[in-house]
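So the chains spell out like this:
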Amino acid sequence: MPSVAVLLLTLCWAGLGVAQPQPCLKLVFNKYCLGGDVNALAQQQPPALRQDQGERVALIYYESRDRDYVLAWRGSVYKVLREHRIASQLQYEDLYRLLREKYGEGQDQSSFPAYARTPGRKQISIRRGEGRAVHVWATSLGWRIELSWTRETGLALAYIADELDNQQSATQRGGY
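Before going into details, it helps to say that this report is about the structure given with it. As the structure is a computational prediction, the values presented were derived from the model and not from experiment. (Residues numbered from 1 in each chain as written. Predicted model: local features only at pLDDT ≥ 70, side-chain atom pairs only at ≥ 80, totals over all residues. Heavy atoms only, no water.)

### What to know about the overall build of the chain
Argument step 1. Helix and strand content of the chain: five helices and ten strands.
Argument step 2. Of all 176 residues assigned to the chain, the portion counted as buried reaches 36%.
Argument step 3. Across the chain, contacts joining residues at least 24 apart in sequence account for 45% of those joining residues at least 6 apart.
Argument step 4. Working note: accessible area of the chain is about 10,900 Å², and carbon and sulfur atoms make up 52% of it. (Helix = DSSP H or I, 4+ residues; strand = E, 2+ residues; numbered from the N terminus. Buried < 20%, exposed > 50% of the residue type's maximum accessible area, 1.4 Å probe, protein only. Contact = heavy atoms within 4.5 Å. Areas by Shrake-Rupley, 256 points an atom, 1.4 Å probe, with all protein chains shown as cover.)

### Digging into the nonpolar core
Argument step 1. Grouped together as the largest cluster of nonpolar side chains are 31 residues, with contacts concentrated most on Leu34, Leu59, Val70, Leu99, Ile145, Leu147 and Tyr159.
Argument step 2. The contact partners of Tyr159, leaving out residues within four places of it in the chain, are Lys26, Val28, Phe29, Leu34, Tyr78, Lys79, Val80, Leu99, Tyr103, Trp143, Arg144 and Ile145.
Argument step 3. Grouped together as the second largest cluster of nonpolar side chains are six residues, Ile60, Tyr69, Ala158 and Ile160 included. (Core = buried A, V, L, I, M, F, W, Y, C linked by side-chain atoms within 4.5 Å.)

### Description of the state of the cysteines
Argument step 1. The tally for this structure, following the rule as stated, stands at one disulfide.
Argument step 2. Disulfide pairing places Cys24 opposite Cys33 at an S-S distance of 2.3 Å.
Argument step 3. We classify Cys24 as partly exposed; its relative accessible area is 40%. (Disulfide = S-S within 2.5 Å.)

### Topic: helix α4 (residues 119–128)
Argument step 1. Where α4 is concerned, the buried positions are Gln123, Ser125 and Ile126. End-on, the buried residues of α4 take up no more than an arc of 160 degrees, which puts them together on one face.
Argument step 2. The elements touched by buried residues of α4 are α3 (89–103), β8 (133–138) and β9 (143–150).
Argument step 3. Where α4 terminates, the next one or two residues include Gly129, which has phi positive at roughly 85 degrees. (Arc of directions from axis to C-beta.)

### Regarding the packing of aromatic side chains
Within a pair of aromatic rings, the relevant descriptors are the distance that separates the centres and the angle that separates the planes.
Argument step 1. In this structure the tally under the stated criterion is six aromatic pairs.
Argument step 2. Considering the side-chain rings of Tyr32 and Tyr61, the 5.3 Å spacing of their centres and the 40 degrees angle between planes classify their relative orientation as tilted. One end of the pair, Tyr32, is in strand β2 (residues 32–34); the other, Tyr61, is in strand β4 (residues 56–63), with 29 residues separating them in the sequence. The pair Tyr32 / Tyr61 is uniform in exposure class, with both members buried.
Argument step 3. In this structure, Arg82 packs its charged tip against the face of Phe29, placed 3.9 Å from the ring centre. (Phe/Tyr/Trp six-rings, centres within 6.5 Å; stacked < 30°, edge-to-face > 60°. Lys NZ or Arg CZ within 6 Å of the ring centre and 35° of its normal.)

Just distances and angles here, no functional claims.
Encoded structure:
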């Protein structure tokens, strides 16, 4: 009889619609599960700051001099971004080299004014807000990497879950 009780409890538990753990598309910075449950993350690793806005949640963590942003929509992490406090051409090139070695060439989506042909001029245009360095690596695993250097965000490295990002972008454009 005890086995029947266990079976009944199991069936009842399954029938309650208990949420199954979400898949981890990519473990980012050895801490954050892209595609995972943001509330479970916040319980396991309490953030320095949490911002909730409707279906969107942002967890902010301090990592030495840098800041990590874990962005979620409807409970699932769709983006993990590390904002580097120090932004320089050298640091951008170091990150770019490491990513290129691991993921290949990727796609350059940078935009600079005509005068910005040298690394120094590109850096000046970024600081003025006239230019931006962006490099993207798409994967066949449902996520992508974006390395960017802009005036607004400084030097940032982001891991983005494609499907979740598309869904949350669509709802944001749709106004609901």
